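What follows is each chain in one-letter form.
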Amino acid sequence: MEIIVTETLDSLGAAAADLVLAQVRTKPSTVLGVATGSSPLPVYEHLALAGADFSAVTCFALDEYVGLPAEHEQSYANIVRHRVAEPLGITPENTHVPRASEDNSLDGGDYEDLIRLAGGIDLQVLGIGRNGHLAFNEPGSTFDSRTRVIPLTLDSRKANARFFSSLDNVPTHAITQGLGTIMEARHLLVVVSGIAKATAVRSAVDGPVIEEVPASILQTHPNVTMVLDEAAASLLSSTHAR
Ligand code: GLP
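Residues numbered from 1 in each chain as written. Predicted model: local features only at pLDDT ≥ 70, side-chain atom pairs only at ≥ 80, totals over all residues. Heavy atoms only, no water.

Surrounding the ligand, one finds 14 residues, the nearest of these being Ser-38, Ser-39, Asp-63, His-133 and Lys-197. A distance of 3.3 Å separates an oxygen atom of the ligand from a polar side-chain atom of Arg-162. In isolation the ligand offers 390 Å² of accessible surface; the protein chains occlude 94% of this area. Here the residues of the shell around the ligand sort into five nonpolar, six polar and three charged. (Near = heavy atom within 4 Å. Polar contact = N/O pair within 3.5 Å; in protein donor to acceptor, adjacent residues only side chain to side chain. Areas by Shrake-Rupley, 256 points an atom, 1.4 Å probe, with all protein chains shown as cover. Nonpolar A, V, L, I, M, F, W, Y, C, P; charged D, E, K, R; others polar.)

Listed below in structure tokens is the structure:
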């Protein structure tokens, strides 16, 4: 695992954006996995400023709340459209977000088929949740899990309550790519910022590989680049190159 530590959130965005740009220059028809959350936003902002050609890129979101209409301000469909696809010039036809029905009966296999048909994900942008989740794979998710509907932990709902008018309005379920799905991406670009993530980052990088810490699975992927700000990296052991 390569670990890059940057001074600020803005420099984190610039460093991660450079890696995405290198990928898209090498392969204009890159299949890009995109994460929501606040840490990756500066990455998309830097990408938009770079003015590169994303017209042949296809993007797949990691996850989505269950029960929010796609037009809802906080739906990941809306965030991917407004913060990623439109600013970068990724076409609506090439922009995919998983969607579950209200009764949670969706077979995530349809979404996985779409990813497979596109040739698999070349570069997956990822964040890490405060409780160590990846996408919405909450602690205890199996390492071979696939795209499915999952109940959100109270901790994740509380962490995301800042985006809603109250905790009660935060959805209770999400549809998420599984850990097994994410591990099939050829390159994982993990971006994490802020002191609130320092414990989760330490567990993911230095702790045992256990399903109670979903992000610890990253240690077993052959091609991971982690871009952290100083605060998120602050509890890492000094053996990691900075
Ligand atoms: C949400 C998303 C995750 C993301 C996490 C961390 O829970 N489902 O995919 O990694 O937020 O986001 P942030 O970067 O805002 O802390």
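Each pair of packed helices can be summarised by the angle the axes make with each other and by the distance between the axes. Viewed as axis vectors pointing N to C, helix H2 (residues 41-50) and helix H3 (residues 76-88) meet at an angle of 20°, and their least axial separation amounts to 9 Å. Here H2 lies roughly parallel to H3, going by the angle between them. The element H2 and its partner H3 pack so that their crossing is left-handed. Contact with H2, carried on its side by Leu-41, Tyr-44, Glu-45, Leu-47 and Ala-48, involves Arg-83, Val-84, Pro-87 and Leu-88 of H3 and no other residues of that element. Class assignment of the residues belonging to the contact of H2 with H3 gives a composition of seven nonpolar, no polar and two charged. (Axes fitted to C-alpha atoms, helices over the stretch in contact; angles between N-to-C directions. Helix = DSSP H or I, 4+ residues; strand = E, 2+ residues; numbered from the N terminus. Parallel < 35°, antiparallel > 145°, perpendicular 65-115°, else oblique. Left-handed = near helix turned anticlockwise from the far one by under 90°. Contact = heavy atoms within 4.5 Å.)

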